[in-house]
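# Architecture and fold: a report
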Amino acid sequence: MTFTQQIITIGMVVLGTVMTRFVPFLVFPAGKPTPKYIQYLGKVLPAAVFGLLVIYCLKNVSLFAGSHGIPEMIGIAVVVGLHLWKRQMLISIAGGTICYMLLVQLVF
């Protein structure tokens, strides 16, 4: 990439980030009620995103080769256990990720 292309790319990324941050506040101001379909999307999309992430993370796991998916299943169990215990999403995700990485790097 030339220097000009790099500057244009950085500018477009900044513009895209700023737009995604500020446009919702302009489209849905505080004094106006939020439309029902936006409220519905706010309720169902988080679960859909997590479901998509689980499927994406497990798509290449082979039960018939290597570690047979054992570190992945242990990582999932740690995430579920931590979430049921602490009810903190970041702790659950971080704990499961750390557990999985330790298993993959040191055990399997």
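Provided above is the structure to which this section pertains.
Below, the structure is looked at part by part. Predicted model only: the values in this text are computed from it and were never measured. (Residues numbered from 1 in each chain as written. Predicted model: local features only at pLDDT ≥ 70, side-chain atom pairs only at ≥ 80, totals over all residues. Heavy atoms only, no water.)

## Topic: the overall build of the chain
Along the backbone of the chain there are four helices and zero strands. In the chain, the order of α-helices and β-strands from amino to carboxyl end is α-α-α-α. For 108 residues, the compact-globule estimate of 2.2 N^0.38 gives 13 Å, and the chain exceeds it by more than 25% at 20 Å. With respect to the principal axes defined by its C-alpha atoms, the chain has extents near 50 × 45 × 25 Å. Per-residue burial for the chain yields a buried fraction of 8% across its 108 residues. (Helix = DSSP H or I, 4+ residues; strand = E, 2+ residues; numbered from the N terminus. Rg over C-alpha atoms; globule rule 2.2 N^0.38 Å. Buried < 20%, exposed > 50% of the residue type's maximum accessible area, 1.4 Å probe, protein only.)

## What to know about a nonpolar patch on the surface
Taken together, the side chains of Ile-8, Met-12, Leu-15, Met-19, Val-23, Leu-26 and Val-27 present a nonpolar region at the surface, about 680 Å² in accessible area. Assignment of secondary structure puts Val-23 in helix α1 (residues 3-27). Residue classification places Val-23 among the partly exposed positions, given a relative accessible area of 34%. (Patch = residues over 30% accessible without salt bridge, like charges linked within 9 Å, V, L, I, M, F, W, Y side chains within 5 Å. Areas by Shrake-Rupley, 256 points an atom, 1.4 Å probe, with all protein chains shown as cover. Salt bridge = Lys/Arg side-chain N within 4 Å of Asp/Glu carboxyl O.)

## Observations concerning the packing of helix α3 (residues 70-86) against helix α4 (residues 89-107)
When two helices pack together, their arrangement is captured by the angle between the axes and the distance separating the axes. Two elements in contact, α3 and α4, have axes whose closest approach is 8 Å; the angle formed by their N-to-C orientations is 155 degrees. Compared by their axis directions, α3 and α4 come out roughly antiparallel. Helix-helix and strand crossings are classified by hand; for α3 and α4 the assignment is right-handed. The segment α3 lies against α4, with Pro-71, Glu-72, Ile-74, Gly-75, Val-78, Val-79, Leu-82 and His-83 engaging Met-89, Ile-91, Ser-92, Gly-95, Gly-96, Cys-99, Tyr-100, Leu-103 and Val-104. Considered class by class, the residues forming the contact of α3 with α4 number eleven nonpolar, five polar and one charged. (Axes fitted to C-alpha atoms, helices over the stretch in contact; angles between N-to-C directions. Parallel < 35°, antiparallel > 145°, perpendicular 65-115°, else oblique. Left-handed = near helix turned anticlockwise from the far one by under 90°. Contact = heavy atoms within 4.5 Å. Nonpolar A, V, L, I, M, F, W, Y, C, P; charged D, E, K, R; others polar.)

## Examining the layout of surface pockets
Its volume calculated, the largest pocket comes out at about 700 Å³. In this structure, the largest pocket is lined by 19 residues; those nearest its centre are Val-54, Cys-57, Gly-75, Ile-76 and Val-79. Going through the elements one at a time, α2 (36-58), α3 and α4 are the ones with two or more residues in the lining of the largest pocket. The residue makeup of the lining of the largest pocket, split by class, is 13 nonpolar, five polar and one charged. (1 Å grid on protein atoms, 1.4 Å probe; cavity = no way out; pocket = protein on both sides within 12 Å on 5 of 7 lines; lining within 4 Å. Points joined across faces, edges and corners; volume = space filled by probe spheres on them.)

## Description of unusual backbone geometry
Its identity is not glycine, yet His-68 carries a phi of approximately 60 degrees, on the positive side. Inspection of the secondary structure puts His-68 in the loop between α2 and α3. Exposure remark for His-68: the relative accessible area of 42% places this residue in the partly exposed category. Non-glycine residue Arg-87 carries a positive phi angle of around 60 degrees. Mapped onto the fold, Arg-87 is located in the loop between α3 and α4. On the basis of relative accessible area, Arg-87 is assigned to the exposed category, the value being 55%.

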